[in-house]
Number of protein chains: 2
Amino acid sequence: MRRMTARPANAHQARLLKLLRDGGPNSRAQLGDQIDLSRSKLAVEVDRLLETGLVVADGLAASRGGRRSHNVRLNPGLRFLGVDIGATSVDVAVTNAELEILGHLNQPMDVREGPVAVFEQVLSMAAKLRASGLAEGYDGAGIGVPGPVRFPEGVPVAPPIMPGWDGFPVREALSQELGCPVMVDNDVNLMAMGEQHAGVARSVGDFLCVKIGTGIGCGIVAGGDVHRGVTGSAGDIGHIQAVPDGRPCACGNRGCLEAHFSGAALARDAVEAAQQGRSEELASRLAANGTLTAVDVAAAAAAGDATALDLIREGGNRVGQVIAGLVSFFNPGLVVIGGGVTGLGHTLLAAIRTQVYRQSLPLATGNLPIVLGELGPTAGVIGAARLISDHLFSPA
Amino acid sequence: MRRMTARPANAHQARLLKLLRDGGPNSRAQLGDQIDLSRSKLAVEVDRLLETGLVVADGLAASRGGRRSHNVRLNPGLRFLGVDIGATSVDVAVTNAELEILGHLNQPMDVREGPVAVFEQVLSMAAKLRASGLAEGYDGAGIGVPGPVRFPEGVPVAPPIMPGWDGFPVREALSQELGCPVMVDNDVNLMAMGEQHAGVARSVGDFLCVKIGTGIGCGIVAGGDVHRGVTGSAGDIGHIQAVPDGRPCACGNRGCLEAHFSGAALARDAVEAAQQGRSEELASRLAANGTLTAVDVAAAAAAGDATALDLIREGGNRVGQVIAGLVSFFNPGLVVIGGGVTGLGHTLLAAIRTQVYRQSLPLATGNLPIVLGELGPTAGVIGAARLISDHLFSPA
DNA sequence: CAACTTTCTCCACTCACAGGACAAAGACCC
DNA sequence: GGGTCTTTGTCCTGTGAGTGGAGAAAGTTG
């Protein structure tokens, strides 16, 4: 099927598209209140957008004391694909142009199987969503990968946990397969964009979004824009030294944050505690499943297991210490904690807060909320859809 | 005397003024090559700038094979005042509109004497420069203070090392005294802007500028702009924990970077080493002066004193470790080291480089220069002049 | 002195945009 | 139901921004 290919012709149109994306159906009058344009000029640009098909008429709104307004909205047939490739699973979702999730699939998978296998999986999930009637095709796709990305080209570079992906032309390949424009970014940046668009970070211009999953990373938003750094590796905080001469890390150094606290490290610690007989709760879970994950630790903690609580607290202290440094350095207006370990909930958050509030200067922490992400596993796919929509809703 | 009060009327004029500031005298044709405007429009805007007096004719240039061009330049009578208030001294300089330093004064002074005393000093230095014929008056002034600043208002907030300054309306007061527009910023940010304008960071969009003086701070430039954080305290890295359970710090915590390495900490360590008989070189200098500073340590190191070298190396390791974390987080394209301790030179730099290259991931450090600032004590005043010129050369 | 280059100015035309007049459509009051 | 007021949307005209071409001015080169 033929998809929309139009792009806004100028900055005004781009602005209007974003207003309609973020605010839903709107009348010309309402749009006029939010944009610095005369009514006549605004009408011209809206008419041009209607001609392109990106925007469609949406009936009459209720009267506000005078003539009823003719609403317009983004074409309800537009479809974006949001893909979030994690270390151990893939999320794929379809959204409309307003970035509302229409369908969402999750599939366990190991990124180390390489781009070819993962792509096959992603494409089959995309096809499944299409087959279920949610989309006749895709107008654009955003995709997040768990490693640094050369952003302009959409190519992963030197990703530690996904070796086979180095230099693989993700953007080009996926664009070819799907037949639509594609943008690629680091998964952590997409989570930040997701929380910025629809989560706790709405209307915050400078914030950090710490994602603790298999690994650990940090999305940086400065002045409303994601900061990616010169080689796309900004936010790679997993290998900051958290413990001098601490545990050996896969990267070759010792004491890296990731070696001391992350989904993987927590699971390993839990197994060790169980085997050493420090926790009956964990031991019984280990016996039952043959292995332990962060979810088990969360459950044990919820059941009041002291060892599990200690593990979480200690990890939170480590992360909190590093975040404290980042807060001093960056002076954000908000810190969001997300990723797989959010199930650890308040215990983790409390430990992080304690460290940050204790170690950073009052001026930086005085009015600094530290909160859990609001969107959970959908943050990444919403961020991915946001990424491609930002791209498509900009002048060509 | 009446000073220039005109401001650019639009973005084009602002752009032209900045091109003339950064590129010196230029013909209309040369300007046309650097700006996206037709020759006719460009001529109109240049003529308008000539009318305002901000720009003046500057004779004929040599022929390039055809008609000679009429050069224009920024009004050579324009004068900016750059003020850099450090913890222990004040720098004041006059520049022309091209930010070339015409005169520079330095005066020892303790910032803790409070804003009134410091202002008196600054104003007398500004008057001295004026009296020497370098300026008939000032068209604008930039001023840096060693602490966080609420940037839009130009007011220091909760500055740890200058308690009397909290909430003092620096911008308003200085503007009143000098009779010209004033902008205020953190001294470290100004150093970064100075190196960006005329130093090692020319043409680098993302870099860090670490200033090690009495205290320690870091200027952050992201996407060409200074990142100040939500409360103006971004870059305040002096109280990041460098050593777990380390030395007590004035801030109440332990192990802060600043407690382990800074001009003040180094001097204290040197005195201790001298008193414990660990260094004859330092001991003799202590006996001669009654006290030691970073300069003494530098001299001792240059003379081959092993203890002095050790102190520098150890300090460099501490700073390097913290910088390594910041590099992982921010992924800059350049790290500049500046401030009072640059006299420690290569020994310090080598220690920092070792730590950063060892602890940060190759992708972030692969092509990362770590260099000393190029401008020394003039970085701050040039940055200050740049700050006010950026302000005045923007549409009102 | 002729031919070619470069620079700058002038002029006509196009387009972006604002703002007012006005029409359409409804609410509200009597 | 009819007047009056409000809100929304459209049309039209005037202004100013900006482009591009013609050509004058001022050089160089041979």
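Because the structure is a prediction, the values reported are computed rather than measured. (Residues numbered from 1 in each chain as written. Chains lettered and ligands numbered in written order. Predicted model: local features only at pLDDT ≥ 70, side-chain atom pairs only at ≥ 80, totals over all residues. Heavy atoms only, no water.)

1. Here's the deal with the interface of chain A and chain B
Between chain A and chain B, the residue contacts involve 38 residues of the former and 38 residues of the latter. Carbon and sulfur atoms make up 62% of the surface buried where chain A meets chain B, a total of about 3100 Å² over both sides. The largest contributions to the chain A side of the interface with chain B come from A:Phe329, A:Asn331 and A:Leu363, which together make up 25% of the buried area. Between chain A and chain B we count 0 salt bridges in total. Here chain A and chain B share 17 residue pairs in polar contact (both at pLDDT 80 or more) between them. Mapped by element, the contributors of at least two residues to the side of chain A that touches chain B are β12 (216-222), α11 (306-330), α12 (345-359) and α13 (362-365) of chain A. It is α11(A) that contributes the most residues to the side of chain A that touches chain B, 6 residues altogether. Among the residues forming the side of chain A that touches chain B, the class breakdown is 19 nonpolar, 15 polar and 4 charged. (Contact = heavy atoms within 4.5 Å. Buried area = accessible area lost by both parts, 1.4 Å probe. Salt bridge = Lys/Arg side-chain N within 4 Å of Asp/Glu carboxyl O. Polar contact = N/O pair within 3.5 Å; in protein donor to acceptor, adjacent residues only side chain to side chain. Helix = DSSP H or I, 4+ residues; strand = E, 2+ residues; numbered from the N terminus. Nonpolar A, V, L, I, M, F, W, Y, C, P; charged D, E, K, R; others polar.)

2. Overview of the packing of aromatic side chains
As enumerated under the stated definition, the model contains 11 aromatic pairs over all chains in all. Summarising the aromatic geometry, the rings of A:Phe329 and B:Phe329 are spaced 5.9 Å apart at their centres and angled 85° between planes, so their arrangement reads as edge-to-face. Here A:Phe329, found in helix α11, pairs with B:Phe329, found in helix α11 (residues 306-330), and the two come from separate chains. Of the residues examined, B:Phe329 reaches a relative accessible area of 0% and is grouped as buried. Measuring from centroid to centroid gives 6.2 Å for A:Phe330 and B:Phe329, while their planes differ by 75°, and the two rings are edge-to-face. With one member in each of two chains, A:Phe330 in helix α11 and B:Phe329 in helix α11 form a pair that bridges those chains. When its relative accessible area of 1% is taken as the criterion, A:Phe330 is described as buried. Positioned above the aromatic ring of A:Phe151, the side-chain terminus of A:Arg228 is 3.6 Å from the ring centre. (Phe/Tyr/Trp six-rings, centres within 6.5 Å; stacked < 30°, edge-to-face > 60°. Buried < 20%, exposed > 50% of the residue type's maximum accessible area, 1.4 Å probe, protein only. Lys NZ or Arg CZ within 6 Å of the ring centre and 35° of its normal.)

3. Re the protein's contact with DNA strand C
Around DNA strand C, the structure places 21 residues, and the nearest of them are A:Ser38, A:Ser40, A:Lys41, B:Arg67 and B:His70. Backbone polar atom of A:Ser38 to a phosphate oxygen of DNA strand C: 2.8 Å apart, as the coordinates give it. A:Ser40 is positioned such that a nitrogen or oxygen atom in its side chain is 2.7 Å from a base oxygen of DNA strand C. Mapped onto the surface near DNA strand C, the elements with two or more residues apiece are α3 (39-52) of chain A together with α2 (28-34) and α3 (39-52) of chain B. The element best represented in the surface near DNA strand C is α3(A), accounting for 3 residues. Broken down by class, the residue content of the surface near DNA strand C amounts to 2 nonpolar, 11 polar and 8 charged. (Near = heavy atom within 4 Å.)

4. Brief notes about the packing of helix α1 (residues 11-23) of chain B against helix α14 (residues 378-392) of chain B
Residues and elements named next belong to chain B. Put simply, α1 and α14 touch, their axes get as near as 10 Å, and they point 155° apart. The angle between α1 and α14 places the two elements in the roughly antiparallel class. For the pair α1 and α14, the sense of crossing is right-handed. Contacts from Lys-18, Arg-21 and Asp-22 of α1 reach α14 at Arg-386, Ser-389 and Asp-390. Split into classes, the residues belonging to the contact of α1 with α14 amount to no nonpolar, 1 polar and 5 charged. (Axes fitted to C-alpha atoms, helices over the stretch in contact; angles between N-to-C directions. Parallel < 35°, antiparallel > 145°, perpendicular 65-115°, else oblique. Left-handed = near helix turned anticlockwise from the far one by under 90°.)

5. Considering the protein's contact with DNA strand D
Of all residues adjacent to DNA strand D, which total 21 residues, the nearest are A:Arg64, A:His70, B:Ser38, B:Ser40 and B:Lys41. Separating a phosphate oxygen of DNA strand D from a backbone N or O atom of A:Ala29 is a distance of 3.0 Å. B:Ser40 is positioned such that a nitrogen or oxygen atom in its side chain is 2.7 Å from a base oxygen of DNA strand D. Secondary-structure elements contributing two or more residues to the surface near DNA strand D are α2 (28-34) and α3 of chain A together with α3 of chain B. The element contributing the most residues to the surface near DNA strand D is α3(B), with 3 residues.

6. Re the domain arrangement of chain A
Residue and element names in this part refer to chain A. When cut into domains, chain A gives domain 1 (11-74), domain 2 (80-196 + 378-392) and domain 3 (200-372). Put simply, the middle of domain 1 and the middle of domain 2, counted by C-alpha atoms, are 30 Å apart. Where domain 1 abuts domain 2, roughly 540 Å² becomes buried across the two surfaces, and 41% of that area is made up of carbon and sulfur atoms. The three residues of domain 1 that bury the most area against domain 2 are Lys-18, Arg-21 and Leu-74, which together make up 74% of that side's buried surface. At the surface where domain 1 touches domain 2, the tally comes to 2 salt bridges. Notably, a salt bridge pairs Arg-21 with Asp-390, separated by 2.8 Å at the nearest N-O pair. (Domains from an automatic or database assignment.)

7. Considerations on the nonpolar core
A:Ile323, A:Phe329, A:Ile337, B:Ile212, B:Ile323, B:Phe329 and B:Ile337 are the most contacted members of the largest nonpolar core, which totals 97 residues. The contacts of B:Ile337, once residues within four sequence positions are left out, are B:Met191, B:Val210, B:Ile212, B:Ile323, B:Thr342, B:Leu349, B:Ile352, B:Ile370, B:Val371, B:Leu372 and B:Gly373. (Core = buried A, V, L, I, M, F, W, Y, C linked by side-chain atoms within 4.5 Å.)

8. Points about the sheet that holds strand β14 (residues 335-338) of chain B
Residues and elements named next belong to chain B. Taken in spatial order, the 5 strands make up an open sheet running β13-β12-β11-β14-β15, and their pairing is mixed. The open sheet has two edge strands, β13 (225-226) and β15 (370-372), and neither has a second partner. The sheet contact formed by β14 and β15 spans 3 bridges and is parallel. Following the sheet pairing, Val-336 is matched in β15 by Val-371. The strands that helix α6 (residues 187-198) touches are β11 (207-212), β12 (216-222), β13 and β14; relative to β11, the one it contacts most, it runs at about 125°. Contacting β11, β12 and β14, α11 crosses the sheet at an angle of about 160° to β11. (Pairing = 2+ DSSP bridges.)

9. Considering helix α10 (residues 294-302) of chain A
All names here are of chain A. Of the positions making up α10, those classed as buried are Ala-294, Asp-296, Val-297, Ala-298, Ala-300 and Ala-301. Lining the buried residues of α10 we find α8 (263-275), α9 (280-289) and α11. Positive phi shows up at Gly-304, right after α10, with a value of about 90°.

10. A word on the pattern of salt bridges
Between side chains of opposite charge, a pair can form when the charged atoms approach closely. Residue and element names in this part refer to chain A. Considering all chains together, one arrives at 34 salt bridges over all chains under this definition. For Glu-153, the salt bridge is made with Arg-150, and the minimal N-O distance between the two is 3.8 Å. The class of Arg-150 is partly exposed, set by a relative accessible area of 42%. Within this structure, Arg-21, Asp-22, Arg-386 and Asp-390 form a network of salt bridges that share partners.

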